[in-house]
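Architecture at a glance
Read off the chains here:
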Amino acid sequence: MLIVQKYGGTSVGDLDRIENVANRIAKARDGGDDLVVVVSAMSGETNKLIAFANHFTSNPAKKEMDMLLSSGERVTASLLSIALQSMGYESIAMSGRQAGIITDDTHTYARIESIDPSAMQDAIKKGKIIIVAGFQGINKDGSVTTLGRGGSDLSAVALAGALDADQCEIYSDVDGIYTTDPRIEPKAKKLDTISYDEMLELSSLGAKVLQNRSVELAKKLNVKLFAKSSFSDNEGTLITKESNNMEEVLVSGVVLDKNQARVTLRGVSDRPGIAAEIFTLLAKENINVDMIIQNMGTDGSTNLGFTVPQSEHENAKVLMASFDHDIEGMDFDNKVCKVSVVGVGMKSHAGVAATAFTVLADNNINIQMISTSEIKVSMVIDEKYGELAIRTLHEAYELDK
Ligand code: ADP
Ligand code: ASP
Ligand code: MG
């Protein structure tokens, strides 16, 4: 089999752990598999590099940031290859460029445009284990780009697609996808399988166990994707196409996203184009708007609420100030969080949302915003009740059973 494996920051967090990963790779290789291994930077390394840059300015050039941040993954890739070679295995470390990954020009959040797998295929033919520095590629001008935080997951899935690999295994410190973050709710249960769509909701709603863009791509390319632990030989979770029996499960998981800030605009002029102006301005500044709620207008004005990432809270404030002639009052709150309930079974069952609202009400938790899709219900609440909400929702949907 040709397997793409990806080891995250915690799995390669120090030299002993890199050695542990080398041993696991060696074992798979001894079993006869061809391996392309994608690695993250050692845990904390990317944050450390960002902090170094912020020592000089809070707004470093994104192109320089990509040059800087891509170095973390290169360190791990080289060390892992050196470790394997010292054990007598033939391996080669590659940067994103050497692995043939071409992206667009969006520095620090680039999209993969194409992959030329020929260098990797040549090395595989020669019997080498390939170790690729994750999270990076180059644009058409040859500048290094990075793929957004958590982007090594995306590198792995994209390479699995380009190489037509038999499967892609994402290794972290948890042995699969759980009904909720096991760090918040120790009673969380591991799922044997989960659909791409449910996983995409979980990731997009804040479960960082898999980067959302990687799940989206896995679905598109139909990559057989596993989440596993680098610290055990447990089975893991298969992320796959939806099957009929998945619909029997009403709710497959609950998610907490602490990285949310709420913006409420009161008395917004109720005229065509105002929403377009507000959200175009936010989009121009690359601010990702999540939940948007607008009421029916009365007496020529309406209320508009939305959420942005906490890091963009101050930026949003500044941008909204330019609308003061169109808006009576503004309210900003970054002490909020979003709790979400996800499950494909919701498509065919009523009452899932009502249960969530009741559970929060029973715990005296006020819901500030609600948004729903076919397979999820999300609620914005006070940040201090986030973990309590997750635990009580987890129990209410009997996810611990
Ligand atoms: P890596 O550094 O290897 O990429 P991450 O830290 O990005 O790993 O992802 C693993 C973490 O995801 C776990 O430590 C866990 O706390 C968190 N997590 C959040 N939600 C879930 C979930 N539903 N199932 C499993 N892990 C989850
Ligand atoms: N090192 C990068 C990050 O911390 C990419 C990754 O780990 O996937 O976001
Ligand atoms: Mg990750």
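Everything below is about the structure shown above.
The structure contained in this document is the topic of the report that follows. This one's a predicted model, so the numbers in the text were calculated from it and none came from an experiment. (Residues numbered from 1 in each chain as written. Chains lettered and ligands numbered in written order. Predicted model: local features only at pLDDT ≥ 70, side-chain atom pairs only at ≥ 80, totals over all residues. Heavy atoms only, no water.)

Focus: the site of ligand 2
Ligand 2 sits among Ser40, Thr46, Glu73, Phe135, Arg149, Gly150, Gly151 and Ser152. Take glycine 150: an N or O atom from its main chain is 2.9 Å from an oxygen atom of ligand 2. Surface burial for ligand 2 is 87%, taken as the share of its 260 Å² of free accessible area covered by protein chains. Along the lines of polarity and charge, the residues of the shell around ligand 2 split into 1 nonpolar, 5 polar and 2 charged. (Near = heavy atom within 4 Å. Polar contact = N/O pair within 3.5 Å; in protein donor to acceptor, adjacent residues only side chain to side chain. Areas by Shrake-Rupley, 256 points an atom, 1.4 Å probe, with all protein chains shown as cover. Nonpolar A, V, L, I, M, F, W, Y, C, P; charged D, E, K, R; others polar.)

Quick word on the nonpolar core
In this structure, Val4, Val36, Met120, Cys168, Ile177 and Ile239 are the most contacted members of the largest nonpolar core, which totals 42 residues. When residues in this core are grouped by element, the largest group, 6 residues, is from helix H5 (residues 152-162). Residue contacts for cysteine 168: discarding those within four places in its chain leaves Val4, Ala156, Val157, Ala160, Val223, Lys224, Leu225 and Phe226. Ranked by size, the runner-up nonpolar core spans 22 residues in total, among them Ala26, Ala28, Leu80 and Ile129. (Core = buried A, V, L, I, M, F, W, Y, C linked by side-chain atoms within 4.5 Å. Buried < 20%, exposed > 50% of the residue type's maximum accessible area, 1.4 Å probe, protein only. Helix = DSSP H or I, 4+ residues; strand = E, 2+ residues; numbered from the N terminus. Contact = heavy atoms within 4.5 Å.)

Regarding the packing of aromatic side chains
All chains considered together, the criterion is met by 2 aromatic pairs. Measuring from ring centre to ring centre gives 4.7 Å for tyrosine 7 and tyrosine 171, while their planes differ by 15 degrees; the resulting arrangement is stacked. With tyrosine 7 in strand E1 (residues 2-7) and tyrosine 171 in strand E9 (residues 167-172), the pair connects residues that are 164 residues apart, well separated along the chain. The pair tyrosine 7 / tyrosine 171 is uniform in exposure class, with both members buried. Ring centres of phenylalanine 279 and phenylalanine 306 lie 5.1 Å apart, and the angle between their planes is 70 degrees; this geometry places the pair in the edge-to-face category. With phenylalanine 279 in helix H8 (residues 274-284) and phenylalanine 306 in strand E15 (residues 301-308), the pair connects residues that are 27 residues apart, well separated along the chain. (Phe/Tyr/Trp six-rings, centres within 6.5 Å; stacked < 30°, edge-to-face > 60°.)

A short note on the pairing of strand E2 (residues 34-39)
Of all 6 residues that make up E2, 5 are buried, and the element is covered over most of its length. Of the strand pairs in this sheet, E1 and E2 are connected by 6 bridges, and their pairing is parallel. Counted as the bridge partner of lysine 6 is valine 38 from E2. For the crossover that starts at E1, traverses helix H1 (residues 15-30) and ends in the parallel E2, the hand is right-handed. Across 4 bridges, E2 lies against strand E6 (residues 129-133) in parallel orientation. Looking at E6, one finds that valine 38 is bridged to valine 132. (Pairing = 2+ DSSP bridges. Right-handed = clockwise from strand over helix to strand, strands pointing away.)

Topic: the environment of valine 36
Residue placement: valine 36 occurs in strand E2. The exposure class assigned to valine 36 is buried, which follows from its relative accessible area of 0%. Once the C-alpha coordinates of valine 36 and asparagine 363 are considered, the two residues, 327 residues apart in sequence, prove to be 49 Å apart. With near-sequence residues (within four places) excluded, valine 36 lies in contact with Leu2, Ile3, Val4, Gln5, Met120, Ile124, Ile130, Val132, Leu159 and Leu163.

Topic: the site of ligand 1
For ligand 1, the set of nearby residues contains 18 residues, the closest of which are Gly8, Asp173, Tyr178, Asp181 and Arg183. Take glycine 9: an N or O atom from its main chain is 3.4 Å from an oxygen atom of ligand 1. A distance of 3.0 Å separates a nitrogen atom of ligand 1 from a polar atom in the backbone of tyrosine 178. About the coverage of ligand 1: the protein hides 88% of its 580 Å² of free accessible area. Per-class residue counts for the shell around ligand 1 are 7 nonpolar, 6 polar and 5 charged.

Some thoughts on the sheet that holds strand E17 (residues 369-373)
Strands pair in a sheet through their backbones, by hydrogen bonds, and they do so in one of two ways: parallel or antiparallel. What the 6 strands build is an open sheet, ordered E14-E15-E13-E16-E18-E17; its pairing is antiparallel. The open sheet has two edge strands, strand E14 (292-294) and E17, and neither has a second partner. Along the sheet, successive strands turn relative to each other by an average axial angle of 25 degrees, direction set aside. Alignment of strand E16 (residues 327-342) against strand E18 (residues 376-382), held across 7 bridges, turns out to be antiparallel. Looking at the pairing, valine 336 lines up with aspartate 382 of E18. Docked against the sheet, helix H9 (residues 313-321) engages strand E13 (253-269), E15 and E16, running at close to 145 degrees with respect to E16. Running at roughly 120 degrees to E13, helix H11 (residues 386-396) makes contact with E13, E16 and E18 of the sheet. (Axes fitted to C-alpha atoms, helices over the stretch in contact; angles between N-to-C directions.)

Side note on helix H2 (residues 45-56)
Considered for burial, the residues of H2 that qualify are Thr46, Leu49 and Ala53. In an axial view of H2, the angular spread of the buried residues amounts to 65 degrees, which keeps them on one side of the axis. On its buried face, H2 sits against helix H3 (62-86). (Arc of directions from axis to C-beta.)

Considerations on the pattern of salt bridges
Within the structure shown, the criterion is met by 18 salt bridges. The shortest N-O distance in the salt bridge between glutamate 113 and lysine 140 comes to 3.4 Å. Here the residue glutamate 113 occupies a position in strand E5 (residues 112-115), and lysine 140 occupies one in the loop between strand E7 (136-138) and strand E8 (144-146), the gap between them amounting to 27 residues. You can call lysine 140 exposed: its relative accessible area is 64%. Ionic pairing is found between aspartate 382 and lysine 384, a salt bridge with its closest N-O pair at 3.3 Å. For aspartate 382, a relative accessible area of 24% puts it in the partly exposed group. (Salt bridge = Lys/Arg side-chain N within 4 Å of Asp/Glu carboxyl O.)

Things to note about the side chain of serine 229
As for its placement among the helices and strands, serine 229 is situated in strand E11 (residues 225-229). Looking at serine 229, its side chain comes within polar contact range of the main-chain nitrogen of phenylalanine 231, at 2.8 Å. A polar atom in the side chain of serine 229 sits 3.4 Å from the backbone nitrogen of serine 232. With residues up to four places along the chain from it excluded, the contact list for serine 229 reads Arg24, Tyr171, Ser172, Asp173, Val174 and Asp175.

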